[in-house]
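Structural overview
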Amino acid sequence: MTKRLILWLCLWLLTALAAAAETIRIGTEPAFPPYIQLDAQGEITGFDRQMTDELCRRAGLDCVWIATTFDNLLPGVVSGRFDLAISGLGNSPERQRIVDFTRVYLPSSEPSAYAGHLNAPPPDRALIGVQAGTIHESHVLEMGRRFRAYPSAKEALDAVVAGQIDLVFGSSSFFTDVLPREFPSLRILQFEPVGVEGAAIALAKGRPELRERLNTEIAAMLEDGTIQNLARFWFTPPERYLALQNPPSSKREFFCEDFYLDDHRPHLWGIDGLCRGP
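For the structure given in this document, a descriptive report is provided here. For every chain, the first residue of the written sequence is number 1, and numbering continues from 1 along that sequence. In keeping with the model being predicted, local features are shown solely for residues with a pLDDT of at least 70 and side-chain atom pairs are shown and tallied solely at 80 or more, while totals for entire chains, interfaces and linings include all residues. Side-chain figures throughout are based on the complete set of non-hydrogen atoms in the structure, without hydrogens or water.

Digging into the environment of Pro30
Helix and strand labels come from DSSP, where a helix needs a run of H or I of at least four residues and a strand needs a run of E of at least two; each type is numbered from the N terminus. Along the chain, Pro30 turns up in the loop between β1 (23–28) and β2 (37–38). Expressed as a C-alpha distance, the spacing of Pro30 and Phe70, which sit 40 residues apart in the sequence, is 9.0 Å. If near-sequence neighbours (up to four positions away) are discounted, Pro30 is found in contact with Ile36, Gln37, Leu38, Ile44, Ala67 and Thr68. The contact criterion used throughout is that any non-hydrogen atoms of two residues lie within 4.5 Å.

Here it is in structure tokens:
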């Protein structure tokens, strides 16, 4: 009986160690700040990187990051090249037909947005740039708007600066991070929701154990505030900490402080009403 028990314990320990040492390959496009990006040393960093590293640690997974292009993320999951895909991915119904998703780790608190020059025409009269394969491309297609697809959102912004298109439709958090640093002549002009719950991790269908393992730890990280604290760090621009001594009392104040500096108040298709309204 004792020998049998010792044998069982050894087998259990070996199984546990093998599970703990499981290597998970994560595909990402490190060109979507503040979710995921490259630092000055060329290393992958950002909210998704820090959040997922902690998730892997808690789940006992040995996670390896692999940089790729956005259009390779979901095909890479389906083909088995990646175990997971993480890049601020929205869990849209179209994508859920191709891959599975974990529970949402970051709800869509900010809608998507249009960015361009202050004198740009409104979306229904504009030529709009989007990143190919994104929920934003699906949205403008569904809305029947004229658009061009680009390999990356930054290339679409370059096209606006060059006068080739009027607007770019994309993530408002991405615009808030990138525009002041790399495209100072452009502004966020209008918000528009795209109908996703939020960001989630993509994995191949037929892997319920891995999905449940990740979901359990995501729930724990939401419960203990880990994800919320990381989000506060990564999604609040440093310049806003310097400009505002106290946190804004409302989303209206937060927004207006950001987009109406120096009393420059253009008419922005509804944003103007938000800041001047009651």
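Following the structure, the description resumes.
Some remarks on the pattern of salt bridges
Put simply, a salt bridge is a Lys or Arg side-chain nitrogen that is within 4 Å of an Asp or Glu carboxyl oxygen. According to the stated counting rule, one finds 13 salt bridges in the structure shown. Notably, a salt bridge pairs Asp83 with Arg207, separated by 2.7 Å at the nearest N-O pair. Here Asp83, found in the loop between α3 (73–79) and β5 (84–85), pairs with Arg207, found in the loop between β14 (202–203) and α8 (208–223); they are 124 residues apart in sequence, far enough to count as distant. Type-normalised accessible area, obtained with a 1.4 Å probe on protein chains alone, sets the label of each residue: buried when under 20%, exposed when over 50%, and partly exposed for intermediate values. Residue Arg207 is classed as partly exposed on the basis of its relative accessible area of 26%. The shortest N-O distance in the salt bridge between Lys154 and Glu182 comes to 2.9 Å.

A closer look at the state of the cysteines
Throughout, a disulfide means two cysteine sulfur atoms within 2.5 Å of one another. Scanning the model with the defined rule gives 1 disulfide in all. Cys56 shares a disulfide with Cys63; S-S distance 2.0 Å. Measuring handedness by torsion sign, the sulfur bridge of Cys56 and Cys63 sits at about -90° and is left-handed. Take Cys56: its relative accessible area is 3%, and that puts it in the buried class.

Details of the packing of aromatic side chains
Stacked, edge-to-face and tilted labels apply to pairs of Phe, Tyr and Trp rings (six-membered ring for Trp) whose centres lie within 6.5 Å, assigned for plane angles under 30 degrees, over 60, and everything in between, in that order. Enumeration according to the criterion identifies 9 aromatic pairs in this entry. A network of ring pairs unites the aromatic residues Phe32, Tyr35, Phe47, Tyr105, Phe174, Phe175 and Phe235 as a single cluster.

With respect to helix α9 (residues 226–234)
Within α9, burial applies to Ile227, Leu230, Ala231 and Trp234. Along the axis of α9, the buried residues cluster in a sector spanning 100°; they form a single face. Elements in contact with the buried residues of α9: β2, β3 (44–45), α2 (47–59), β7 (106–107) and α8. Of all possible arcs, the one meant is that of the directions from the helix axis to the C-beta atoms.

Side note on the sheet that holds strand β11 (residues 167–170)
Taken in spatial order, the 5 strands of this open sheet run β10-β9-β11-β8-β12, and their pairing is mixed. Looking at which strands have only one partner, the edges of the open sheet turn out to be β10 (147–150) and β12 (187–192). Within this sheet the neighbouring strands show an average axis-to-axis angle of 30°, counted without direction. If DSSP finds at least two bridges between two strands, the strands pair. Judged from the 4 bridges that link them, strand β8 (residues 112–116) and β11 form a sheet pairing that is antiparallel. What sits directly across from Ala113, in β11, is Gly170. Interaxial angles span 0 to 180 degrees and are taken between N-to-C directions of axes, which are lines fitted to C-alpha atoms, for helices over the stretch in contact. Lying on the sheet, helix α6 (residues 153–161) is in contact with β8, β9 (128–131), β10 and β11; it crosses β11 at an angle near 160°.

Details of the packing of α6 against helix α7 (residues 172–182)
Interaxial distance between α6 and α7 falls to 12 Å at its minimum, and their mutual angle equals 50°. Taken together, the axis directions place α6 and α7 in an arrangement best described as oblique. Both α6 and α7 take part in a crossing whose hand is right-handed. Contacts between α6 and α7 involve Ala153, Lys154 and Leu157 from the former and Phe174, Phe175, Val178, Leu179 and Glu182 from the latter. Taken together, the residues of the contact of α6 with α7 sort by class into 6 nonpolar, no polar and 2 charged. Here the angle decides the label: under 35 degrees means roughly parallel, over 145 means roughly antiparallel, 65 to 115 means roughly perpendicular, and every other value means oblique. Each crossing gets its hand from how the near helix is turned against the far one by less than a right angle, where anticlockwise is left-handed and clockwise is right-handed. Polarity classes work like this: nonpolar for Ala, Val, Leu, Ile, Met, Phe, Trp, Tyr, Cys and Pro, charged for Asp, Glu, Lys and Arg, and polar for all others, with Gly in that last group.

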